[in-house]
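What follows is each chain in one-letter form.
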Amino acid sequence: MDGVLLSLATDLLKQLGSITVQQAQQEINLIVGVDEEIENLQYNFKMVQAMLNKFEERRLRDEAVKLWYDKLEDAYYMMDDVLDTWKTAKIKLQIQKEEEGEKAAHSNAPALEKKMKKVLSFFPSPSCCFREVDNVSVRHEVGHKIKKLNETLANILKGKQEFGIDLNSQPERVERLEITSVVDVSKIVGRNEYKDDPLNNLLGVGSQQESNPLVISLVGIGGIGKSTLAKLAYNHSKVKDHFQKIMWVCVSDPFDECKIAKAIIQELDPKHESLNNTTTTLQALLLIVCDLIKDKKFFLVFDDVWAKDLSKESKKWEPFKDVLTYGAQGSRILVTTRNEEVAHMMGSAKTHIISLSNLTVDDCWLIIRKIAFFDENIDQHKDIEPLGRQLAGKCQGLPLAAKLIGGYMCNKRRKEQWAEVLENSLWDLENVQEGLLVPLLLSYYELSSVEKQCFLFCVVFPKDHVIDRFELVIHWIAQGYIDAKRNMEMEDIAEKYFKKLAMRSFFQDFEEDEIDGRIKSCKMHDIVHDFAQKMTEDVCLTIKGDEEVKINFKRVRHLSLIVKESFLESVYEAKNLRFLNLDFMSSKIVQPNLFDNLTCLRTLHLEGQFILELPNEVEKLIHLRYLKLSCYEIEELPESICNLCNLQSLDVSDCWYLKKLPQGIGKLINLRHLMLRDSGQLEIKSFPKGIGRLTCLKTLSYFPVGKGEEICKLGELEHLNHIQGTLVIYGLKNVVDFGAIENTLKKKNHLHGLILSFNTLEEIDSESEKEEEEEEEEERRRNMEKDVAILNALEPPPRLEFLLIGLDYKGTTMHPNWMMSKLTYLKTLFIGACPNLERLPPLRKLPLLEELKTGNAPMIRKMGDEFLGIDIEEEEELSESSKNNNNKDIIIFPNLKSLEFYALEKWEEWTGMGGTIEEEEEKDNSANAFVTNNTPKIKIMPLLRSLKIEGCGNLKSLPDYLRNTPLKELEINECPILEQRCERGIGDYWPYISYIPNIKIDDKYVQRDGQLPDNIDSESQPSSSLFIFFVSSFFLFRSDRAFSNRSSDSSSELMFIKFKIKSLKLEIHVASYCQLTQ
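Quick caveat: nothing in here was measured; it's all calculated off a predicted structure.

(A) Structural context of the overall build of the protein. Secondary structure summary: the protein contains 30 helices and 34 strands in total. As presented, the protein carries roughly 48,500 Å² of accessible surface, and 48% of it is formed by carbon and sulfur atoms.

(B) View of the pairing of strand β12 (residues 603-607). Among the five residues in β12, four count as buried, and that is most of the element. With five bridges connecting them, strand β11 (residues 579-584) and β12 associate as parallel partners. Within the sheet, the bridge partner assigned to Asn 581 lies in β12 and is His 605. Taken together, the five bridges between β12 and strand β13 (residues 626-630) define a ladder with parallel strand orientation. Directly across from Leu 606, in β13, lies its bridge partner Leu 629.

(C) Here's a closer look at the environment of Met 490. Relative to the assigned elements, Met 490 resides in helix α21 (residues 490-503). For the pair Met 490 and Ile 477, spaced 13 residues apart in sequence, the C-alpha to C-alpha distance is 7.1 Å. Among residues more than four places away in sequence, those in contact with Met 490 are Ile 477, Ile 482, Asp 483, Ala 484, Gln 648 and Arg 672.

(D) Local environment of the packing of helix α14 (residues 361-372) against helix α16 (residues 399-409). Following both chains from N to C, one finds α14 and α16 inclined at 35°, their axes separated by 8 Å at the closest point. Considering how the two elements wind past one another, α14 and α16 form a crossing that is right-handed. Of α16, the residues touching α14 (which contributes Cys 364, Ile 367, Ile 368, Ile 371 and Ala 372) are Pro 399, Ala 402, Lys 403, Ile 405, Gly 406, Gly 407 and Met 409. Residues belonging to the contact of α14 with α16 are distributed by class as follows: nine nonpolar, two polar and one charged.

(E) Up close: the nonpolar core. In this structure, Phe 867, Phe 901, Trp 910 and Ile 949 are the most contacted members of the largest nonpolar core, which totals 142 residues. Not counting the four nearest positions on each side in its chain, Phe 867 is found in contact with Leu 840, Pro 841, Pro 842, Leu 843, Leu 852, Phe 893, Leu 899, Phe 901, Trp 910, Met 941 and Tyr 961. Within the second largest apolar cluster, 42 residues are counted, among which are Cys 458, Tyr 481, Phe 498 and Val 528.

(F) Main features of the pattern of salt bridges. According to the stated counting rule, one finds 36 salt bridges in the structure shown. Its salt-bridge partner being Glu 73, residue Arg 555 comes within 3.0 Å of it at the nearest N-O pair. Remark: Glu 73 occurs in helix α4 (residues 63-106) and Arg 555 occurs in the loop between β9 (540-544) and β10 (558-563); sequence separation between them is 482 residues. Overall, the relative accessible area of 14% leaves Glu 73 in the buried class. The residue Arg 781 makes a salt bridge to Glu 785 at a minimum N-O spacing of 2.7 Å. Of this pair, Arg 781 and Glu 785 both sit in helix α25 (residues 777-793), four residues apart, roughly one helical turn.

(G) Quick peek at the packing of α14 against helix α15 (residues 385-393). Contact geometry of α14 with α15 gives a least axis separation of 8 Å together with a crossing angle of 115°. Considering the angle they form, α14 stands roughly perpendicular to α15. In the packing of α14 onto α15, the handedness of the crossing is right-handed. Contact residues: Val 361, Asp 362, Cys 364, Trp 365 and Ile 368 in α14; Glu 385, Gly 388, Arg 389, Leu 391, Ala 392 and Gly 393 in α15. Its residues placed into classes, the contact of α14 with α15 shows six nonpolar, two polar and three charged.

(H) Just a negative patch on the surface, in detail. Taken together, the side chains of Glu 613, Glu 633, Glu 635, Glu 636 and Glu 639 present a region of like negative charge at the surface. With respect to the helices, strands and loops of the structure, Glu 636 is situated in the loop between β13 and β14 (649-651). Residue classification places Glu 636 among the partly exposed residues on the basis of a relative accessible area of 46%.

(I) Inspection of helix α22 (residues 526-535) at higher detail. The buried count for α22 comes to eight of ten residues, which makes it a mostly enclosed element. For α22, the full list of buried residues reads Asp 526, Ile 527, Val 528, His 529, Asp 530, Phe 531, Ala 532 and Met 535.

(J) Representation of the packing of aromatic side chains. Counted by the stated rule, this structure contains 29 aromatic pairs. An angle of 80° between the planes, with centres 6.5 Å apart, marks the rings of Trp 910 and Tyr 961 as edge-to-face. Pair noted here: Trp 910 is in strand β25 (residues 909-910) and Tyr 961 is in the loop between β28 (946-950) and β29 (969-973), with a separation of 51 residues, a long-range link. Put simply, the rings of Phe 867, Phe 893, Phe 901, Trp 907, Trp 910 and Tyr 961 pair up and form one aromatic cluster. For Arg 799, the ring lying beneath its charged end belongs to Tyr 825, and the centroid distance is 4.3 Å. Sitting above the plane of the Tyr 1005 ring, Arg 1008 keeps its charged end 4.2 Å from the centroid.

(K) Up close: the sheet that holds strand β3 (residues 298-305). Taken together, five strands build an open sheet; the order of strands is β2-β3-β4-β1-β5 and the sheet is parallel. Here the strands that pair on one side only, and so sit at the sheet edges, are β2 (245-250) and β5 (353-355). On average, adjacent strands in this sheet sit at an angle of 15° to one another, irrespective of strand direction. Sheet analysis places β3 next to strand β4 (residues 332-337), joined by five bridges and oriented parallel.

Rules behind the numbers
Residues numbered from 1 in each chain as written. Predicted model: local features only at pLDDT ≥ 70, side-chain atom pairs only at ≥ 80, totals over all residues. Heavy atoms only, no water. Helix = DSSP H or I, 4+ residues; strand = E, 2+ residues; numbered from the N terminus. Areas by Shrake-Rupley, 256 points an atom, 1.4 Å probe, with all protein chains shown as cover. Buried < 20%, exposed > 50% of the residue type's maximum accessible area, 1.4 Å probe, protein only. Pairing = 2+ DSSP bridges. Contact = heavy atoms within 4.5 Å. Axes fitted to C-alpha atoms, helices over the stretch in contact; angles between N-to-C directions. Left-handed = near helix turned anticlockwise from the far one by under 90°. Nonpolar A, V, L, I, M, F, W, Y, C, P; charged D, E, K, R; others polar. Core = buried A, V, L, I, M, F, W, Y, C linked by side-chain atoms within 4.5 Å. Salt bridge = Lys/Arg side-chain N within 4 Å of Asp/Glu carboxyl O. Parallel < 35°, antiparallel > 145°, perpendicular 65-115°, else oblique. Patch = residues over 30% accessible without salt bridge, like charges linked within 9 Å, V, L, I, M, F, W, Y side chains within 5 Å. Lys, Arg positive; Asp, Glu negative; His and termini not counted. Charge placed at Lys NZ, Arg CZ, Asp CG, Glu CD. Phe/Tyr/Trp six-rings, centres within 6.5 Å; stacked < 30°, edge-to-face > 60°. Lys NZ or Arg CZ within 6 Å of the ring centre and 35° of its normal.

Here it is, written out as structure tokens:
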């Protein structure tokens, strides 16, 4: 050990210069003892956390306690930074070891020399060389910080007596129970007298003399239910039928004219080009609005309108009022506001202002009861009702307060629990926001310390912001709120916290996934947002533009800053900043000083449509966990970003022109979510070598298989076994070593969707219409065999639910061993763009397959028993099997519900086990069964509901078994022979298909709901050979973004596959909509 100390002393003296021997010894002792000090610091960190939890309630009532509490909280975050610095140094050393090991493995150095180069511990060895001074520097830095922290903490604890703090006192708490479900109040309570008022005003005929548009206002205090009544009117079927255009726009405070104009355009035309940051002036935006509503009867809701300065705000609204007069007579605007003067400002006459009064105690009790007791019979809890009504009286008639109380009392069934809440001293606090403070505090204080942090973080989002659940979860993880557990992922833990907050009514306006019912996004009520803002007023700031701010930035930890022209340099004082949302509206440059000063950041969202590059100094953000870049013009990232070894989430999905990932991305060993642009033209055509080292990765939407020495090969995907949702693999034709890919997908148990594209991204994006070059026969044969071998080797994971194969698959057959035996969970299968495929694989044994689609396979000529998975030998086996099973029915495609065929140009014949329909006309096949000589029934597609055939010009027959399927929808387009045979009333196939309720031939309904449509022409919808089918986000691109999963998984979280015929060639474009938002 003496040798080590001597080595350290030598290095330190070089750094410290001419200091005394005693000082040098102290420095050495400080460095040598860092490991023990770290352990002590970790203990103190947990102790301080417990003290903060204990005194949080008292800080609201006692100003002295608040001052002491703030100092302790600042020390807590400083301790966290020091511990994270130490952890970061260890991670960097781990990465260094791995890199040295890789270099040694590829070098020809003698074994002994390789061994000497190994780093055996974080503490430098006696033979340390000069490059290890950095390790000594870290120990020196951390040691001094711990020493200073200990002194700070001692002073804070010593000063507790001055503030009258008793560490032994017990905080006032009410019993906290685990909540497991989200409650939704399905009916509006206590508003019967108001329900029809907005509706009657909206649907009234009116006169030519009335103002156009007519403005109706709902006025009442916060939490009274204005928006709820507005939604009731907005969603009413009569309103939707009465108006040509309906729009909902959240206004809130402050009023941003351009934002409101864009919100109106978004409602009128979600795909309008002006929404892509191409139009920024109010004049241009309002002209677009004018054009979109001209001569159309519209209904527009302006929700939550404010006006702190009536004269100033009134002038801002004038251009909107002028433009909205261009709508047709009878148009209506519904305004919700807390201020009657605002209603007059917006143009409401006194007769068109509806003032909402508070709910009665009975109504509040009804809301509380519905939430607290779910569907239980209240008669079982008669002893609680008097106490419940007293609580209802404390809600002061506010529906939101009643909801909060109901959520808080959920699962509390003992009379003593209700009495304890009534007697809580919080009710003695001065009323804030007309009675909402106490219900909010009751719910807030019942949360755990982690849940409180998660809730208060949400204040970083502006009012009325649609909060994406996936993004919120990774924010919480980035801020360090979520501790990993041995048997539970951090994302899953965060999901539990989200559900608890949702149940407590801290969130509202939920948007749910249509398939699995999970929440995709939500909002916070304005008053709940105000409450969170009040609780974080010293540490969370939003600064817009170049406004002058007089505030002490030293305590600020969350900051949203919009930079119009010049950067606010006082922000550099916020040394403890942990969250920064920075929007450069016009600047092309990100100041390097930003990264020199704000080194404690955990989350950085950098936005700017003109930013061209990210400075190398970004590597100084050593604590960074989440980096989101919304920089549309940026083309590459600096290599220094790979030194952010703590980075967990990298979101570059809004970097439209980003062409490549940094070469050293493999060093980001803690990366869990890599969000790339996954719709439209994908600019990143290949990944750098080393992606396989990102073994924590959970979110990855696509993987391109590349060529070249420094390009990532498919084999690296084998190590990424935590990927969730749906994965697209492009460029399978580039695979060389088939043996190396056998285990690539097998262990990805969280993967539910898979797309296997043999085309490369370059080929998919190419718009060239050139004919493909003629291949030599030998080369063509090799390519066919190669693709078959690749597909056979690439066995997917067992729980796959969606699979697409094709996109230039050259094989003549598609019969991998795994397709029949491994895909027991598969529900949806697409086979498309297979130019040489001669027959479909036998799929009859897939037990859960519900949807099968095939397109652009021009070499398929016939479909018969092989499609059903039956040849002569198999038929004999089925017969023998049926005997052994006591003649039990055998079911082929047991769960298939939807079957579609597109652009099978040479397909002529589709037969069944008994042939075509006409060949089976004389046979009696009852109950959808093919009867063999052994009497068991072979049922084929007993659940089939929908059949679509399009672009199969030579098809002339249908199989016998179709006549016995329970089809509800039949669609045949661009199949002239088949269309003639299916012609209503006169086609020879009509008697066999007429039982199908809905039949569409040549893009026209010939039968709808079993009847001849009144006006067939009005039912037609031209297809122009363009087929678009939408696939549920549950299967596609939820790498999500959903963890079970944008998400992956997403909104509108949908993926579409577009089939488009061009010169007898069907091109497949795969794209996805993932919010999304992030």
